[in-house]
2 protein chains.
Amino acid sequence: MSAKITIHDVARESGVSIKTVSRVLNREPNVKADTRDRVQAAVAALNYRPNISARSLAGAKAYLIGVFFDNPSPGYVTDVQLGAIARCRQEGYHLIVEPIDSTGDVEEQVAPMLATLRMDGVILTPPLSDHPVVLAALEREGVPYVRIAPGDDIERAPWVSMDDREAAYDMTNHLIGLGHRDIGFIIGHPDHGASARRHQGFVDAMRDANLPVRQDRVEQGWFSFRSGFEAAERLLGGSDRPTAIFASNDDMALGVMAVANRMRLDVPAQLSIAGFDDTPGARITWPQLTTVRQPIAAMAGAAADMLMSGVEHEEGEPPPSRLLDFELVVRESTGQAPG
Amino acid sequence: MSAKITIHDVARESGVSIKTVSRVLNREPNVKADTRDRVQAAVAALNYRPNISARSLAGAKAYLIGVFFDNPSPGYVTDVQLGAIARCRQEGYHLIVEPIDSTGDVEEQVAPMLATLRMDGVILTPPLSDHPVVLAALEREGVPYVRIAPGDDIERAPWVSMDDREAAYDMTNHLIGLGHRDIGFIIGHPDHGASARRHQGFVDAMRDANLPVRQDRVEQGWFSFRSGFEAAERLLGGSDRPTAIFASNDDMALGVMAVANRMRLDVPAQLSIAGFDDTPGARITWPQLTTVRQPIAAMAGAAADMLMSGVEHEEGEPPPSRLLDFELVVRESTGQAPG
DNA sequence: ATGAAAGCGCTAACAA
DNA sequence: TTGTTAGCGCTTTCAT
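Predicted, not measured: the structure shown is a model, and the values here were computed from it.

1. Some details on the relation of the copies chain B and chain A
Argument step 1. By a simple turn and slide, chain B fits onto chain A: the slide is 0.0 Å along the axis, the RMSD is 0.2 Å, and the turn is 180°. When the rotation and shift are considered jointly, the pair of chain copies conforms to a two-fold rotation axis.
Argument step 2. A shared binding surface is used by both copies, with 100% of the interface residues of chain B retained as interface residues in chain A.

Given below as structure tokens:
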């Protein structure tokens, strides 16, 4: 184990005080270029790295960002982590991951952690973005947070999102453009704010095209493969079938695909299927899934940025926010309507 | 923001010195039961939580465990995190996740992080479990680590694994028991130690059943859907086809399934397909995949345990290790051999 | 069984 | 532009 070298070693090596070393490390002004160079040379020569515990104990920053998630769609969580870390690394921040079980005692899981860790900020992923106990604990402990894709109470705190309504609107129009007039829709998990927005986009597109939205064509799902499977069984069970099904996420769309396979329905010749999210699973079927690419990593990166730059939410002002672009990914599971 | 309460507040409240509070917190001996109770009451009353930075600065423990991963199969990574955290929470430890890009400068990614964070230990997931630069950096910085499913040099450091060879052996026997005599095999990513062991298990089972292992029935894959897809195209391309294909992981098995669907081969009537890992994707197809359930969360939990309990690897001794049980999960993608 | 004092390695407030 | 001095909230000696 290499002997621990501290700021004092660097100060001695470069012939300045520790405070000046500290200034250089933190990019504070009022350091002569020449001095700065000497210090940086010493840092490099000694291979010095500031101790994060000492830094956070003495100063205001902990150099720690938290990511809270629950009931993880694995791909989603991993994308969030990768996106957040990409930004954090550059600034010397690290990521603490905390799965929260919302069916358990949330307060008990969150409060002690916030008190011990004193993170600089927390990124909230759905459905935690809307969990009242989590939000309250964060506010009580004074830990800044950014919500990803929150559902309601948008004025409460900073957030990052994409336009779920418009994306669903566009996807529905894609289907309509292919000649589909009878389209089934599977709603997402009711605890996720995005679910209602995606549903709205579907309804708006149908209305704008003067197409009826039949209530027996809309099923409630839970974002799981199984719930998509079961919804598809109901949707496709009778002789009177829709020619396309738009599921609010990929997992459910894959459930629809499984039912279609089992019923020997040709996709997309007899049934078009569209998903939402562009998870890895979307390419892990045949035919590959037409879906909406969410900028998950980018959203997480933007959230990390907001946290690290210490954006403030001024009382009475709308909170800082970012709306990122989505992308329609048309693959093989959607095609011309039959007939 | 609730005012920060410190060990001094607790000491005052319970009428003892901060050292005694510290003793209680760390479960040190030599505290009168009565005193201990008073302190614990004060901790509860004040809702006190020790500051992790102060603790790790003053003491030896950081209460931080790292998880390194690369090129993540999302489900795998999430399982590892959940498994590790479940144990860490009880002991007041937290998880730092660090994706490592092994195609980049690994030393540069790992060394500064180890120096700043001074974690109590690191959990290495494949293929990082065998990455020489990562191992060397860890050892140089004196950070203990546990390797999950390492490939070689098993004596070097503590590890947790499952018996990949035996699992592949059992799966191959399952296929043989179904009457298959001509079985294709897709090898996993060569950087993952498990790949060779799974291949070996296949070969051993074939030998033990006096079945030939034809070289044109064994394809090299990379653990990706695409590589499984391409291997299956080669395996199934001619008129002389195997009646079953055993892929070294689920993603590749799903690639085989896609080729079978495209060729209108009935699974399992005309072709049996087996995977390995039991990722969520295994249930997200139809027919559902017969596979091997890896105890991923349990392996990560065991690794976290070893790290937190500070197991030492004595010079000249074999390192501490755990071999966990797997489980054959027979679903619908395997069946009687045709004819 | 308990406590006093001395740091851990930094940043912050204030001098110079 | 630079340095000095005090802590941050704990754990660790070492007394008692």
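Right, picking up where we left off after that structure.
2. A few points about the domain arrangement of chain A
Argument step 1. Examined at the domain level, chain A breaks down into domain 1 (7–50), domain 2 (64–161 + 296–323) and domain 3 (164–294).
Argument step 2. Once you take the C-alpha centre of each, domain 1 of chain A and domain 3 of chain A turn out to be 59 Å apart.

3. Details of the protein's contact with DNA strand C
Argument step 1. In the vicinity of DNA strand C there are 24 residues, among which S22 and Y48 of chain A together with T20, N30 and T35 of chain B approach most closely.
Argument step 2. In DNA strand C, the atoms that sit within 4 Å of the protein are 62% sugar and phosphate, with bases accounting for the remainder.
Argument step 3. One of the side-chain N or O atoms of S22 of chain A is found 2.7 Å from a phosphate oxygen in DNA strand C.
Argument step 4. Within the backbone of A54 of chain A, a nitrogen or oxygen atom sits 3.4 Å from a base nitrogen of DNA strand C.
Argument step 5. If you list the elements that add at least two residues to the surface near DNA strand C, you get α2 (18–25) and α4 (52–58) of chain A together with α2 (18–25) and α4 (52–58) of chain B.

4. Quick notes on the pairing of strand β2 (residues 94–99) of chain B
Argument step 1. Burial within β2 of chain B is extensive, with 6 of its 6 residues counted as buried.
Argument step 2. The side-chain alternation of β2 of chain B yields two buried faces, one formed by H94, I96 and E98 of chain B and the other by L95, V97 and P99 of chain B.
Argument step 3. Relative to β2 of chain B, strand β2 (residues 94–99) of chain A is paired through 2 bridges, and the arrangement is antiparallel. Residue pairing across strands places I96 of chain A opposite I96 of chain B, the latter belonging to β2 of chain B.
Argument step 4. The sheet contact formed by strand β1 (residues 64–69) of chain B and β2 of chain B spans 6 bridges and is parallel. Along β2 of chain B, the bridge assignment pairs L64 of chain B with H94 of chain B.

5. So, the protein's contact with DNA strand D
Argument step 1. For DNA strand D, the set of nearby residues contains 24 residues, the closest of which are N30 and T35 of chain A together with K19, S22 and Y48 of chain B.
Argument step 2. Among all atoms of DNA strand D positioned within 4 Å of the protein, those belonging to sugar or phosphate total 60%.
Argument step 3. With respect to DNA strand D, the side chain of R23 of chain A contributes an N or O atom lying 2.8 Å from a base oxygen.

6. Quick look at empty space enclosed by the protein
A water-sized probe, rolled over the atoms, reveals where empty space remains.
Argument step 1. The tally for this structure, following the rule as stated, stands at 3 cavities of 30 Å³ or more.
Argument step 2. Empty space within the largest cavity amounts to approximately 120 Å³.
Argument step 3. Considering the residues around the largest cavity, the lining is formed by 14 residues, among which N261 and T285 of chain A together with N261, T285 and W286 of chain B are closest to the centre.
Argument step 4. By volume, the second largest cavity is sized at about 90 Å³.
Argument step 5. Residue lining of the second largest cavity: I52, S53, S56, A62, L64 and L117 of chain A together with I52, S53, S56, A62, L64 and L117 of chain B, and that is the complete set.
Argument step 6. Those elements giving two or more residues to the lining of the second largest cavity turn out to be α4 of chain A together with α4 of chain B.
Argument step 7. Partitioning the lining of the second largest cavity into residue classes produces 8 nonpolar, 4 polar and no charged.

The rules behind each value
- Residues numbered from 1 in each chain as written.
- Chains lettered and ligands numbered in written order.
- Predicted model: local features only at pLDDT ≥ 70, side-chain atom pairs only at ≥ 80, totals over all residues.
- Heavy atoms only, no water.
- Least-squares fit on C-alpha atoms with pLDDT ≥ 70 in both.
- Contact = heavy atoms within 4.5 Å.
- Domains from an automatic or database assignment.
- Near = heavy atom within 4 Å.
- Polar contact = N/O pair within 3.5 Å; in protein donor to acceptor, adjacent residues only side chain to side chain.
- Helix = DSSP H or I, 4+ residues; strand = E, 2+ residues; numbered from the N terminus.
- Buried < 20%, exposed > 50% of the residue type's maximum accessible area, 1.4 Å probe, protein only.
- Pairing = 2+ DSSP bridges.
- 1 Å grid on protein atoms, 1.4 Å probe; cavity = no way out; pocket = protein on both sides within 12 Å on 5 of 7 lines; lining within 4 Å.
- Points joined across faces, edges and corners; volume = space filled by probe spheres on them.
- Nonpolar A, V, L, I, M, F, W, Y, C, P; charged D, E, K, R; others polar.

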